[in-house]
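Observations on chain architecture
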Amino acid sequence: MSDPIEIDTLIAAKWIIPVEPAEIVLHQHAIIIDQGIIKDILPHSEAILRYKPQQTITLNDHVLIPGLINLHTHAAMTLMRGLADDLPLMEWLNKHIWPIEHQHVNAQFVLDGTQLACAEMIKGGITCFNDMYFFPESCAEAAINSGMRAAIGMIVIDFPTAYASDADDYLAKGLELRDKYHQHPLLSFCFAPHAPYTVSDKTFTTILTYAEQLNTPIHTHLHETQDEIRINLETSGIRPIERMHQLGLLSPNLIAVHMVHLTDHEIKLIHQYGCNVVHCPSSNMKLASGFAPITSLLKQGVNIGLGTDGAASNNRLDMFEEMRQAALLAKATSGRADSLPAHQALRMATLNGANALGLGEITGSLSIGKAADIAAVDFSSLNLAPCYDPISHLVYTASREQVSHVWVNGRMLLQDKELTTLNKFELQYRTALWQERIASTSKQ
């Protein structure tokens, strides 16, 4: 018998759910990690004979899953959590959020807010997030500091802010940032035009040209509210998706967020052009935007990921909550209990998000050759007993409080529920400063 192969880390667990192939649960298996990559997945009894790890982690009551992927965030807005609650979207934006942003948002705000968001996401088993916000260089810095994987949004909007003066300025700054970090192993980029009601046809056309040249996704809010559709009808005479269609933006590179109000024709268009959809059930409900026709989109085979939206409109960056809400809402709105089963909700929170970002070959499932982006969920609590189906338990029973360990690219970011890359006390101090500053100027 040959000598054991030296590797960095062996993680053994009661269950492993790789997500791909679907509905598979591996019992008493181990994941072999070397140089940040999953090298093998095999029964624990075989792993200890075949490999010689520098570190062995045994999790006897846990399930290992791919790190969750939050496909739509405004991470820095975590510093506005709980401000101006219980208001419709346009009033919430125009009378509260945008004035607060005008007064307070700068590079330091985004760095501090995004690091706070990263801490929350890591503790909830999220290993990758797709962000859209001002000062994206600060978002990139926060992601690097935390060790998370992130898709950085090169935000574009057709009015001036503290970040940029006009659409060309937004684009120039975003592209400069992309050039700086293009080779970073944990960062990718998306063009992030805010929404049809804040971005002109000319700007969308320019973004499309760059996106096609660079093969980069376009991440935008679309058909979130009836107000958005009404505004577009009044200004251009057509609905926003038809406008996107005429401009040539419907493609597999489009990541369309919310997609609440859709006709059958629009659902067919989304399928025809291979667009990706981000379902944000908690945010949609809290802002009374409506219920996205997820079962109809699933019937057409549309790739759907899950997102939390920002903590100012959710108010949690909790992908366990989004999985559960997505599954339950699909059943309630369709009248069919099997319309979105647990394994599909888990895939939406992992591999579907990775595929939308063009990262499906890197992350999103526990597969040999992919990055070791992993979350461990502790099932030892009485609240989770008994467990007949670990996949069902993850979606319908477990919560983010049961996440015990998180790895990104093989690096442990959460150990026994404690952050390893971010300082909890520094985050609390910085957050308190911003709370005092915002509270002194905002109208509650």
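Let me sum up the structure you'll find in this document.

About the cut-offs
- Residues numbered from 1 in each chain as written.
- Predicted model: local features only at pLDDT ≥ 70, side-chain atom pairs only at ≥ 80, totals over all residues.
- Heavy atoms only, no water.
- Helix = DSSP H or I, 4+ residues; strand = E, 2+ residues; numbered from the N terminus.
- Expected span 1.5 Å × (residues − 1).
- Buried < 20%, exposed > 50% of the residue type's maximum accessible area, 1.4 Å probe, protein only.
- Arc of directions from axis to C-beta.
- Contact = heavy atoms within 4.5 Å.
- Pairing = 2+ DSSP bridges.

Some words on helix α5 (residues 167-181)
Between its terminal C-alpha atoms α5 stretches 21 Å, which fits the 21 Å expected from 15 residues at 1.5 Å a residue. The complete set of buried residues in α5 reads A167, Y170, L171, G174, L175, L177, R178 and Y181. One face of α5 carries all of its buried residues, which in axial projection span an arc of 160°. Residues of α5 that are exposed and point more than 90 degrees away from the buried face comprise D168, E176, D179 and K180. Structurally, α5 contributes buried residues whose contacts are with α4 (136-146), β7 (149-156), β8 (187-193) and α6 (201-214).

Re the sheet that holds strand β16 (residues 418-419)
One open sheet holds the eight strands; their spatial order is β3-β2-β1-β4-β13-β14-β15-β16, and the pairing between them is mixed. A single partner strand is all that each edge strand has here, and the edge strands are β3 (37-43) and β16. Summarising the sheet, strand β2 (residues 26-34) and β3 pair through six bridges and their orientation is antiparallel. Within β3, the position partnered with H29 by the bridge is P43.

A word on the pairing of strand β4 (residues 51-66)
Of the pairings in the sheet, the one linking strand β1 (residues 5-16) to β4 comprises ten bridges and is parallel in character. What sits directly across from A13, in β4, is L59. In this sheet, strand β13 (residues 374-378) lies alongside β4 in antiparallel orientation, the contact comprising five bridges. Along β13, the bridge assignment pairs I65 with A375.

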